[in-house]
Amino acid sequence: MSITYKDAAGIEGMRVAGRLAAEVLDYLTPHIKPGITTREIDRLAAECMRNQGTVSATLGYQPAGYPPYPASLCTSVNHVVCHGIPNEKPLKKGDIVNVDVTVIKDGWFGDTSRMFMVGEVSIAAKRLVNITYEAMWHGIMRVKPGIRLGDIGFAIQKFAEGQGFSVVREFCGHGIGRNFHEEPQVLHYGKPGTLEELKPGMTFTIEPMINAGRRDVKEFGNDGWTIVTKDHSLSAQWEHTVLVTETGYEVMTLSAGSPPPPPFVNA
């Protein structure tokens, strides 16, 4: 599959899908507190999607070699790195959880995720969540025509490792449009000046997974999806979908409730 470049109509379709995905997270935000189960978060998201007129991209999603994904979103708690399946275990004070939402609207995919801190969390957990958010933005800020994907990965890796954290290598961002996963792959580590050159009309996700401990991960249990840190350390992830514009970037997964960019972005 080659990279698809979006025209004006495609860009508008992606904007709408991206905003709607973010609005699902806005809707969930007040509900994510101690005592709620991730299964209930999933139910609320499915209800929100119905009301929006969107469809979950994850429900029933089945890439080669995987069982069908059984939920409308992913909920990755504490040491779960990604693809956590919602269940009946209540969240408790001190947990951190990534909620990853992808919706389809008029054939276009919008993909975004946020970290949520459940009640009061430890200083170490809060720092991991905040540094991961900043790492994502260090990657986003590099986006403009003429740079290469390796420049994005390098910016994320340099910042995260400079803060004493590690970057997961086994999972990456991806092109997105009329397909959930398109070319190119967007690594969150790398060397400047390497890999694909960015051109206007490209749309892809930047979604670093950052671990408090070592970068090694493993599959958990036998559900075919859940990935955890090998050393049981905490992991965090944030995700936006971005467009390469003529002069820089546009974040396509912003909504009224999106956390603001870190101060250094507008400095």
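Right, let's walk through the structure included here. In this text, all values refer to a predicted model and were calculated from it rather than measured experimentally. (Residues numbered from 1 in each chain as written. Predicted model: local features only at pLDDT ≥ 70, side-chain atom pairs only at ≥ 80, totals over all residues. Heavy atoms only, no water.)

1. Description of the overall build of the chain
Threshold: Only DSSP runs of H or I reaching four residues or more are called helices, and only runs of E reaching two or more are called strands; each is numbered from the N terminus. As a reference, a globule follows 2.2 Å times the number of residues to the power 0.38, and the radius of gyration itself is taken over C-alpha atoms. Each residue gets one of three labels from its accessible area relative to the maximum for its type: buried under 20%, exposed over 50%, partly exposed in between, using a 1.4 Å probe on protein chains only. Neither His nor the chain ends is counted toward charge; the positive residues are Lys and Arg and the negative residues Asp and Glu. One atom stands in for each charge, and that atom is NZ of Lys, CZ of Arg, CG of Asp or CD of Glu.
Looking only at helices and strands, one finds five helices and 15 strands in the chain. Rg of the C-alpha trace for the chain: 17 Å, near the compact-globule value of 18 Å for 267 residues, within the 12% margin. For the chain, the spread of C-alpha atoms along the principal axes amounts to about 45 × 45 × 40 Å. Here the chain, with 267 residues, has 54% of them falling under the buried criterion. Here the chain contributes 26 positively and 29 negatively charged side chains, and the mean placements of these two sets differ by 5 Å.

2. Section: the nonpolar core
The following threshold applies: By nonpolar core is meant a set of buried Ala, Val, Leu, Ile, Met, Phe, Trp, Tyr and Cys residues that side-chain atoms within 4.5 Å join together. Residues count as neighbours in contact if any of their non-hydrogen atoms are within 4.5 Å of one another.
Grouped together as the largest cluster of nonpolar side chains are 34 residues, with contacts concentrated most on Val 143, Ile 152, Leu 198, Phe 204 and Ile 206. Broken down by element, the residue count for this core peaks at nine residues, all from helix H3 (residues 123-140). Each residue touching Val 143, except ones within four places of it in the same chain, is listed here: Ile 152, Leu 198, Phe 204, Ile 206, Val 242, Leu 243, Val 244, Gly 248 and Tyr 249. Ranked by size, the runner-up nonpolar core spans 21 residues in total, among them Leu 25, Val 77, Val 101 and Val 118.

3. Some words on the sheet that holds strand S6 (residues 166-167)
Applicable threshold: Two strands pair under a simple rule: DSSP has to find at least two bridges between them.
In space, the three strands of this open sheet follow the order S6-S10-S13, with antiparallel pairing throughout. Two strands close off the open sheet at either side, each with one partner strand: S6 and strand S13 (235-237). Examined bridge by bridge, strand S10 (residues 209-211) and S13 share three bridges and lie antiparallel to one another. Within S13, the residue paired with Met 209 across the bridge is Gln 237.

4. Some thoughts on the sheet that holds strand S3 (residues 80-82)
Short version of the rule: All axes are obtained by fitting lines to C-alpha atoms, using only the stretch in contact for helices, and the reported angles, taken between N-to-C directions, cover 0 to 180 degrees.
Across the sheet, three strands lie side by side as S3-S12-S11; this open sheet has antiparallel pairing. In this open sheet, the two edge strands, each paired with only one partner strand, are S3 and strand S11 (217-219). The sheet shows a mean angle of 45° between the axes of neighbouring strands, taken without regard to direction. Relative to strand S12 (residues 227-229), S11 runs antiparallel, the two being bridged by three bridges. The residue bridging Lys 218 from the neighbouring strand is Val 228, located in S12.

5. Overview of the packing of H3 against helix H4 (residues 149-162)
Formally: Oblique is the label for every angle not falling under 35 degrees (roughly parallel), over 145 degrees (roughly antiparallel), or within 65 to 115 degrees (roughly perpendicular). The handedness criterion is simple: a crossing whose near helix is rotated anticlockwise from the far helix by less than a right angle is left-handed, and one whose near helix is rotated clockwise is right-handed.
Where H3 meets H4, the closest approach of the two axes is 8 Å, and the angle between their N-to-C directions is 155°. When the axes of H3 and H4 are compared, the pair comes out roughly antiparallel. Relative to H4, H3 is oriented so that their crossing is right-handed. The segment H3 lies against H4, with Ile 131, Glu 134, Ala 135, His 138 and Gly 139 engaging Ile 152, Ala 155, Ile 156 and Phe 159.

6. Re the pairing of strand S5 (residues 108-117)
The element S5 is largely enclosed, with a buried count of nine among its 10 residues. Relative to S5, strand S4 (residues 96-105) is paired through 10 bridges, and the arrangement is antiparallel. Note on S5: the bridge partner recorded for Ile 104 is Phe 109. The loop that links S4 with its antiparallel partner S5 comprises two residues; one of these, Asp 106, has a positive phi angle of about 55°.

7. What about the pattern of salt bridges?
Under the convention used in this document: A pairing counts as a salt bridge when a side-chain nitrogen of Lys or Arg comes within 4 Å of a carboxyl oxygen of Asp or Glu.
What the rule picks out here adds up to 12 salt bridges. Close ionic contact of Arg 19 with Glu 23 constitutes a salt bridge, the shortest N to O distance being 3.1 Å. Of this pair, Arg 19 and Glu 23 both sit in helix H1 (residues 8-28), four residues apart, which is roughly one turn of the helix. Take Arg 19: its relative accessible area is 35%, and that puts it in the partly exposed class. The partner of Arg 39 in a salt bridge is Glu 88, and the shortest N-O contact between them spans 3.0 Å. Taken together, the residues span a long stretch of sequence, with Arg 39 in helix H2 (residues 38-52) and Glu 88 in the loop between S3 and S4 at a distance of 49 residues. For Glu 88, a relative accessible area of 51% translates into the label exposed.

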